[in-house]
Amino acid sequence: MTAYDDRPAKLFIYPSIFFMLIGMFVGVFLAFNSFIFPDYFSGEHIHFGRVRPVHVSTVTLSWLLSVDVGLMFYFVPRLCGISIWSAPLAFVGAGLWWCTLLLGTNSFPWGTNWGWEYAELPMWISWIPIKFFFGISWVFIAVNLFMTIFCRRFEKLYVSLWYCMGTLIWTTFTVFVGNFALDWLPGGMSKVNASWFYVHNLVGLIYTPMGLAIVYYFLPKLANIPIYSHRLSMIGFWSIAFIYAWIGTHHQIHGPMSQWLQTTSIVFSIWLFIPVWTVVHNFMATIQRDWRKYVESVPIRFLIMGVIFYLITCVQGPLMALRNVNEITSKTDWVIGHSHISLYGAFTFFAIAGIYQAVPVMSQKPLWSNKLAEWHFSLNLWGSLLFLLSLWIGGFLQGLMWANWADGSSYAEFHDNLMRLPFLQTIANTREWWILRGIGGLIILVGNFLFAINIYNTVVLKKALSPVQVE
Amino acid sequence: MNASKNRSSFARFMHSFEKSTLFLILGIILLFSTSISVILIAPRYIDSTWTTPSSPYQVQMYEIADPHLYMRSISEGSELQYVHHLKKNSTLLAFKESEHLRFVAPPLLEKYITRYQEPKLLLTSQLLLVREPEGKMVEEAEAMRKNLESQKKEQENKTKTEIQIAELYDPQVEEAFSIDPEGGIIQEWVDENFTILDDEVKQPYHENYGVIYVQNPKEFRITPDESEKNTHWRYDPAGKAVQDLEELTSPSLGFYSRRELIEMGEHIYAIEGCWYCHTDQTRTLIEDVVLNGSDSYPAPPSSANEFIYQKITFPGTRRIGPDVSRVGVKRPSREWHMSHFWAPTKTSEGSVMPAFPHFFDRDSKQKNGVGVPNNRFEAIYQYMMTKGTRITAPTQAWWLGKDPIQTKEIIEGQKKLQ
């Protein structure tokens, strides 16, 4: 049996759990301080606009991207049958990664926001080129994983490895476009278009393939059932590779973007049903062979609930791209709900399941408490449902209130509608939903706190077992 | 994994780098690059509005007016001051008489005056200035005043307003600074009925349909002032002229060009995260053109070319606050924005917007309980005032019902979209 060097994986996974708590705490803080008790703690460095990017980039970069990289460092060697190509390179990469993220994501309250969605990291903090260092550390990671795959012992490439390779190629280019190339494009829509291309690819070509790679690896591993269909996984992969890069413009439906570009993005958005349904069917058909596993194992529950959330995301996404649905949902809380169900409901659930499987193997100790893990799942599920449903319903109602302005046939009537239901009133009417959202967020935070305790106690408190007992 | 095994695995590199890996990587790159060429690179060559300005007015505002209009943003005790940087053969000037203002000038310069009730505006790129009559001109001014007063008596005009008489003179310099007491957001602009009195066209934009000009420039002169604590100078028509740009923008005078302020404003809009709660696009939806419209006319939807002068564009994803793409028309008042940034719930009850006390200097002499606005306020204010005001010239503006795409007719169903 090959001995795998798991130090690189640990270097990414352990800190990321800490940053998940930080990021989600900031999120809950925002839900309360900006919506339930608006501007209670106020001032230059703590108001909503300065703190929101801290939440977003901490949970997207310091938590989700980092843990996904960590899990890749865990399962790519295991699927290749050799240890990681270069551990020192991984250490350098991890060091650079965490330093730049720690500095970058926490600098926003001091006014370093770069001004583009999901690319807020500053170019420079003092003499430190944050974005450049972040890019370099990504290149280190990509080279390391590619070389591991090239030097592999097992000849067959498992589907998780395709997704990894796809991610590594897509991300490298996407991050380059969204973070550096924007500065060289002509002002206006060229930049906006590239920015949305980046934003959507970040979700569609980075988090999605990474998340699916995790499910493809961990679901068969945890349930001890082979994946249902190899052919379906091929269809799923190649249709993602074909479709995702075309749909960025659907964030700009009805906007100042060329109509043909909007229509193109809508068509491709609808096609997304193909990869999503094949992939979801593949996972569900796998677990269907033995549903008892779902009841017995918390990580499998996380995986399957994640798959269900993934399905919901990917039904919402294409539908929200349709012009008439977009008219209601766009620019409302629905959008916030949609971004949370994909990055939280689906991909965070996948990553949590991965950690539940990987940590006992890496530390060679069984999980500290299964009971706590079950609480973690329940709190996460119910918290998410409360959180997401309040955002969707509240957002949809707000969209309907705005659509109410368009009732009538003359401008005088439209304007009269607006006078009777001013914009501020539609904000006031959303307050109840914001309170529910805050409570949902709080429940999720408590659940994940239990998770962190569980992992900490597993790694630190438990005695190590021999590797045989773990396997 | 130890080093020797690593080496042996490296030796397998060429063997393992076989068809399936190669096929996978090439396939991914091929699919990806197709979409990039169609949706990232092609549009700006296909759709001309992505690169063509919306009107000559927009170009002149961003490229000519903004860089040459200077503002002093912190002014304790006095109002904001606007100063035009005039350059010979570059800035267009007009000397226009009105009911209350008449000009006297040496015979050589008389042709530059647009006389009262003369429909055609006379413009020049000569550098001339306006002042209180001096020397020989005093007599002429007196004569003119008597003449006007007798005319008035004949007409039995009941208005008691004084008529001001100013002198037009040639300061014989290449550049000068003039004070603009109005200094608004909207520039002096003429689209028909104008003549440029120069022998040849001095600047390409002088040929455009419609031009931005400076009207009746009075020299910006200052005098040292010891009466107040913090201000070391004040505007004084009898004082010393400002020498050059360096002096104007020096810390002691503290002027910024409007272009600098707009760029700073864009930066502030980014770092304060305004764009997380405000969109900057009027979408092609009735609800949007109504939300941003005036009392009688809907706002035209945002067009791609409105954004071409921006370094960062903030189309936005969420409206926790209203859209800002027409705020320059909907909320032009500087006073309103001051009290809104100071305490948003004061002007907008029920708003969840945070307060921005750092846009103000804390000062004991607070006006109406609002702090004294600092550079950050001026910057974000100037940035916001570009929104919706620069699509066409003010004389052709959508808020006057001269919307080029006829939004009102479209949403009322009288006009079909192509």
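Bear in mind the structure is a predicted one, so any value in this text is a computation, not a measurement. (Residues numbered from 1 in each chain as written. Chains lettered and ligands numbered in written order. Predicted model: local features only at pLDDT ≥ 70, side-chain atom pairs only at ≥ 80, totals over all residues. Heavy atoms only, no water.)

### Points about the overall build of chain A
Thought 1: Secondary structure assignment for chain A yields 18 helices and 0 strands.
Thought 2: In terms of principal-axis extent, the alpha carbons of chain A reach across some 80 × 50 × 50 Å.
Thought 3: Residue pairs in contact within chain A that sit at least 24 positions apart in sequence constitute 82% of those at least 6 positions apart.
Thought 4: Side chains of chain A carry 25 positive and 19 negative charges; the gap between the two charge centres is 12 Å. (Helix = DSSP H or I, 4+ residues; strand = E, 2+ residues; numbered from the N terminus. Contact = heavy atoms within 4.5 Å. Lys, Arg positive; Asp, Glu negative; His and termini not counted. Charge placed at Lys NZ, Arg CZ, Asp CG, Glu CD.)

### Details of the overall build of chain B
Thought 1: Secondary structure summary: chain B contains 14 helices and 20 strands in total.
Thought 2: Burial statistics for chain B: of 418 residues in total, 52% are counted as buried.
Thought 3: Restricting the contact set of chain B to residue pairs at least 6 apart, pairs at least 24 apart contribute 71%.
Thought 4: Working note: accessible area of chain B is about 20,500 Å², and carbon and sulfur atoms make up 53% of it. (Buried < 20%, exposed > 50% of the residue type's maximum accessible area, 1.4 Å probe, protein only. Areas by Shrake-Rupley, 256 points an atom, 1.4 Å probe, with all protein chains shown as cover.)

### Some words on the domain arrangement of chain A
All names here are of chain A.
Thought 1: Structurally, chain A comprises domain 1 (1-156) and domain 2 (197-471).
Thought 2: On a C-alpha basis, the centroid separation for the pair domain 1 and domain 2 is 19 Å.
Thought 3: Facing 34 residues of domain 1, the contacting portion of domain 2 comprises 42 residues.
Thought 4: For the pair domain 1 and domain 2, the two sides together bury roughly 3,300 Å², of which 80% comes from carbon and sulfur.
Thought 5: For the interface between domain 1 and domain 2, the tally reads 0 salt bridges.
Thought 6: Across the domain 1-domain 2 interface, the total number found is 5 residue pairs in polar contact (both at pLDDT 80 or more).
Thought 7: Listed by contribution, the elements that provide at least two residues to the side of domain 1 that touches domain 2 are helix H1 (7-36) and helix H2 (48-80).
Thought 8: The leading source of residues in the side of domain 1 that touches domain 2 is H2, at 15 residues.
Thought 9: Among the residues making up the side of domain 1 that touches domain 2, the classes are represented as 27 nonpolar, 2 polar and 5 charged. (Domains from an automatic or database assignment. Buried area = accessible area lost by both parts, 1.4 Å probe. Salt bridge = Lys/Arg side-chain N within 4 Å of Asp/Glu carboxyl O. Polar contact = N/O pair within 3.5 Å; in protein donor to acceptor, adjacent residues only side chain to side chain. Nonpolar A, V, L, I, M, F, W, Y, C, P; charged D, E, K, R; others polar.)

### So, the packing of helix H6 (residues 189-223) of chain A against helix H13 (residues 333-363) of chain A
Residue and element names in this part refer to chain A.
Thought 1: Viewed as axis vectors pointing N to C, H6 and H13 meet at an angle of 40°, and their least axial separation amounts to 9 Å. Comparing the axis directions of H6 and H13 gives the class oblique. Handedness of the crossing formed by H6 with H13: left-handed. In this structure, H6 contributes Tyr207, Thr208, Gly211, Leu212, Ile214, Val215, Phe218, Lys221 and Leu222 to the contact, and H13 contributes Leu343, Phe347, Phe350, Gly354, Gln357 and Ala358. (Axes fitted to C-alpha atoms, helices over the stretch in contact; angles between N-to-C directions. Parallel < 35°, antiparallel > 145°, perpendicular 65-115°, else oblique. Left-handed = near helix turned anticlockwise from the far one by under 90°.)

### Some details on the interface of chain A and chain B
Thought 1: With 93 residues of chain A at the contact, the number on the chain B side is 85 residues.
Thought 2: Taking both sides of the interface into account, the surface hidden between chain A and chain B amounts to around 7,700 Å²; carbon and sulfur atoms contribute 67%.
Thought 3: Interface area lost by chain A to chain B is led by A:Phe150, A:Lys331 and A:Tyr411, which between them contribute 11%.
Thought 4: Our enumeration of links across chain A and chain B arrives at 3 salt bridges.

### A closer look at the pattern of salt bridges
Thought 1: This structure, assessed with the given rule, holds 26 salt bridges over all chains.
Thought 2: One salt bridge in this structure joins A:Lys293 and A:Asp290, with 3.2 Å as the shortest N-O distance.
Thought 3: By relative accessible area, A:Asp290 is classed as buried at 16%.
Thought 4: Between B:Arg319 and B:Asp288 there is a salt bridge; the shortest N-O distance is 2.6 Å. Of this pair, B:Arg319 sits in the loop between helix H9 (286-291) and helix H10 (327-330) while B:Asp288 sits in helix H9; the two residues are 31 residues apart in sequence, bridging distant segments of the chain. Here the two residues B:Arg319 and B:Asp288 agree in accessibility, since each one is buried.
Thought 5: Connected through salt bridges with shared partners, the residues B:Arg283, B:Glu287, B:Asp288, B:Arg319 and B:Asp323 form a single ionic network.

### Some remarks on the sheet that holds strand S16 (residues 233-235) of chain B
Residue and element names in this part refer to chain B.
Thought 1: Reading across from one edge, S16-S15-S17 is the order of the 3 strands in this open sheet, with antiparallel pairing throughout. Taken across any chain shown, the strands that pair with only one partner, and hence form the sheet edges, are S16 and strand S17 (240-241).
Thought 2: Note that strand S15 (residues 221-224) and S17 share 2 bridges and pair antiparallel. If you follow arginine 221 over to S17, its bridge partner there is alanine 241. (Pairing = 2+ DSSP bridges.)

### Some thoughts on the side chain of A:Thr249
Residue and element names in this part refer to chain A.
Thought 1: Within the secondary structure layout, threonine 249 lies in the loop between helix H7 (230-243) and helix H8 (259-271).
Thought 2: At 3.4 Å, the side chain of threonine 249 and the side chain of asparagine 193 are in polar contact.
Thought 3: Setting aside residues up to four positions removed in sequence, threonine 249 forms contacts with Asn193, Met257, Leu261, Gln262 and Ser265.

### Observations concerning the environment of A:Asn224
Thought 1: For A:Asn224, the location among the structural elements is in the loop between H6 and H7.
Thought 2: Distance from A:Asn224 to A:Gly441, taken between C-alpha atoms, is 34 Å for residues 217 residues apart in sequence.

### Regarding the pairing of strand S2 (residues 81-87) of chain B
Residues and elements named next belong to chain B.
Thought 1: For S2, the tally of buried residues reaches 6 of 7 residues, placing the bulk of the element in the interior.
Thought 2: Bridge count for strand S1 (residues 69-72) against S2 is 4 bridges, and the pairing is antiparallel. Along S2, the bridge assignment pairs methionine 71 with tyrosine 82.
Thought 3: Where S2 lies against strand S9 (residues 175-180), 6 bridges are found, and the strand directions are antiparallel.

### A closer look at a nonpolar patch on the surface
Thought 1: A grouping of A:Trp368, A:Phe449, A:Ile453, A:Tyr456, A:Val460 and A:Leu461 is seen on the molecular surface, where their side chains present a nonpolar patch of about 600 Å² in accessible area.
Thought 2: According to the relative accessible area criterion, A:Ile453 is partly exposed, its value standing at 30%. (Patch = residues over 30% accessible without salt bridge, like charges linked within 9 Å, V, L, I, M, F, W, Y side chains within 5 Å.)

### A closer look at the pairing of S15(B)
Thought 1: Pairing of S15(B) with S16(B), which is carried by 3 bridges, proceeds in the antiparallel orientation. By the bridge assignment for S16(B), B:Thr223 is matched with B:Arg234.

### Observations concerning the packing of aromatic side chains
Thought 1: Tallying each qualifying case throughout the model produces 63 aromatic pairs over all chains.
Thought 2: On the numbers, 5.8 Å between centres and 20° between planes, the contact of A:Trp402 with A:Phe423 is stacked. Taken together, the residues A:Trp402 in helix H14 (residues 370-403) and A:Phe423 in helix H16 (residues 423-428) connect sequence positions 21 residues apart.
Thought 3: A:Phe423 gets classed as buried once you look at its relative accessible area, which sits at 7%.
Thought 4: Through pairs of rings, three or more aromatic residues link up here, namely A:Phe12, A:Phe18, A:Phe19, A:Phe73, A:Trp97, A:Trp98, A:Phe134 and A:Trp138.
Thought 5: Over the face of the ring belonging to B:Tyr169 we find B:Arg131, whose NZ or CZ atom lies 3.9 Å from the ring centre.
Thought 6: Above the plane of the ring of B:Tyr62 lies B:Arg390, whose end atom (NZ or CZ) is 4.6 Å from the centre. (Phe/Tyr/Trp six-rings, centres within 6.5 Å; stacked < 30°, edge-to-face > 60°. Lys NZ or Arg CZ within 6 Å of the ring centre and 35° of its normal.)

### Examining the packing of helix H3 (residues 87-106) of chain A against helix H4 (residues 130-150) of chain A
All names here are of chain A.
Thought 1: Contact geometry for H3 and H4: axes closest at 8 Å, N-to-C directions at 150°. In terms of their interaxial angle, H3 and H4 are classed as roughly antiparallel. For the pair H3 and H4, the crossing hand works out as left-handed. Contact residues: H3 offers Leu89, Ala90, Val92, Gly93, Leu96, Trp97, Thr100, Leu101, Leu103 and Gly104, while H4 offers Ile130, Phe133, Phe134, Ile136, Ser137, Trp138, Phe140, Ile141, Val143 and Asn144.

### Quick look at a negative patch on the surface
Thought 1: Taken together, B:Glu174, B:Glu175, B:Asp244 and B:Glu246 make up a surface patch of like negative charges.
Thought 2: Within the fold, B:Glu175 resides in strand S9.

### Digging into helix H11 (residues 298-321) of chain A
Thought 1: Spanning 24 residues, H11(A) covers 34 Å between terminal C-alpha atoms, matching the ideal 34 Å at 1.5 Å per step.
Thought 2: Between a side-chain oxygen at the N-terminus of H11(A) and the backbone nitrogen of A:Ile300 the separation is 3.2 Å; the capping residue is A:Ser297. (Expected span 1.5 Å × (residues − 1).)

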